[in-house]
Amino acid sequence: MNNSIIAPSVLNANFLNLKDEITAIEKGGAGLVHLDIMDGHFVPNISFGPGISALIGKATTLPLDCHLMISNPELFVEEFARIGSHYITVQAESTWHLDRILNRIRELGAKPAVSINPATPIENIQWILDLVDMVLVMSVNPGFGGQSLIPYCLDKIRKLREMKPNLDIEIDGGIKLDNILDAKKAGANIFVVGSAIFKTDSPETTCKKFVEKVR
Ligand SMILES: O=C(CO)[C@H](O)[C@H](O)COP(=O)(O)O
Ligand SMILES: [Fe+2]
């Protein structure tokens, strides 16, 4: 697939300067803004919720890529749809009723996507692949930015790409300038990049480098 997209995650951005951080990635050629929603229950960290996400949505022209790492996601998809999320991604491990919630997200007018933790086999989602517009393959254990990519996750992407040649596959976690091409070669076409963009002196210049790299 040649439609490569960089989706910067603002998890490690400077929240006191968020407007400028978002302008930087817009100028840097980002295609999505990735929002990591964490509840301190499904993952051992708390980030922010629909309120901050709505403000970010108002501050940018970039589509919102909302990655819900929360228990009981069915309680929140309506609100994330209401604030205009482009993708609403739920963790396969976070709900008993994956089919139902994916259908509900589409009914609400957003694009349903599913995410799997490193230890979750891709076979767990094989029957719902036709219900989603994207699969997010976690390449770190969810909860924190700044971790190292777990190499076997690339094998999962390779296998998924073989199964679904035209599916949008997003990789999330530990993506750096020196491993993003491995992820692309494995079959990913949407790349979440957090600390490797926002923990640099110029997120705009760094974002441009990532965009160039996968072009
Ligand atoms: O979902 C996530 C963590 O659960 C984040 O999107 C991810 O970790 C991005 O940060 P980094 O590029 O620094 O790994
Ligand atoms: Fe994420």
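None of these values were measured; they are calculated from a predicted model. The numbers attached to residues start from 1 for each chain and follow its sequence in the written order. The lettering of chains begins at A and the numbering of ligands begins at 1, in the order of writing. In view of the model being predicted, local features appear only for residues whose pLDDT reaches at least 70, and side-chain atom pairs are presented and counted only at 80 or more, with totals across whole chains, interfaces and linings using the full set of residues. Side-chain metrics in this entry use all non-hydrogen atoms of the structure; hydrogen atoms and water are not considered.

Trainee: I'm lost on the UniProt feature "binding site: substrate" (unreviewed entry) in the chain in this one. Help?
Mentor: UniProt positions are given in the numbering used here, feature names are shortened, and annotations may be inferred rather than shown by experiment. Here the UniProt-annotated "binding site: substrate" (unreviewed entry) positions come out as Ser9, His67, Gly143, Phe144, Gly145, Gly146, Asp172, Gly173, Gly174, Gly194 and Ser195. Any pair of residues with heavy atoms lying within 4.5 Å of one another is described as a contacting pair. Ignoring any residue separated from it by four or fewer positions in sequence, one finds His67 in contact with His34, Leu35, Asp36, Ile37, Thr89, Gln91, Ser115, Leu136, Met138 and Asp172. The numbering of helices and of strands both runs from the N terminus, where a helix is a DSSP run of H or I of at least 4 residues and a strand a run of E of at least 2. Along the chain, Gly174 falls in the loop between strand 7 (168–172) and helix 6 (180–186). Those residues within four positions of Gly174 in sequence are excluded, and the remaining contacts are Val140, Gln147, Ser148, Leu149 and Asn179.

Trainee: Is there a simple way to think about helix 4 (residues 98–107) in this case?
Mentor: Owing to its 3.6 residues per turn, the α-helix aligns residues three or four sequence positions apart on the same side. Within helix 4, the full set of buried residues consists of Leu98, Ile101, Leu102 and Ile105. For helix 4, the arc enclosing every buried residue in end-on projection is 100°, short of the 170-degree limit, so these residues lie on one face. Looking at helix 4, the residues exposed on the side facing more than 90 degrees away from the buried face are Arg100 and Glu107. The secondary structure elements touched by the buried residues of helix 4 are helix 3 (77–82), strand 4 (87–91) and strand 5 (111–116). Backbone geometry just after helix 4 places Gly109 at a positive phi near 95°. In this scheme, a residue with accessible area under 20% of its type's maximum is buried, one over 50% is exposed, and one in between is partly exposed, where area comes from a 1.4 Å probe on protein chains only. Directions from the helix axis toward the C-beta atoms define the arc.

Trainee: It is not clear to me how the site of ligand 1 should be interpreted in this structure. Could you clarify?
Mentor: Lining the immediate surroundings of ligand 1 are 19 residues, of which Asp36, Gly146, Asp172, Gly194 and Ser195 lie closest. Polar contact is the term for a pair of N or O atoms within 3.5 Å; when the atoms are in protein, one must be able to donate a hydrogen and the other to accept it, and sequence-neighboring residues count only if both atoms are side-chain atoms. In this structure, Gly146 approaches ligand 1 through a main-chain N or O atom, which is 2.8 Å from an oxygen atom. The fraction of the free accessible surface of ligand 1 (370 Å²) that becomes covered by protein chains is 100%. Listing elements by their share of the shell around ligand 1, those giving two or more residues are strand 2 (33–38), strand 3 (64–69) and strand 8 (190–193). Charged means Asp, Glu, Lys or Arg here, nonpolar means Ala, Val, Leu, Ile, Met, Phe, Trp, Tyr, Cys or Pro, and polar covers whatever is left, Gly included. In the shell around ligand 1, the residues fall into seven nonpolar, ten polar and two charged. Near residues are defined by distance, with any heavy atom within 4 Å of the molecule or strand qualifying the residue. Throughout, the Shrake-Rupley method with a 1.4 Å probe supplies accessible areas, and for residues the shown protein chains are the sole cover considered.

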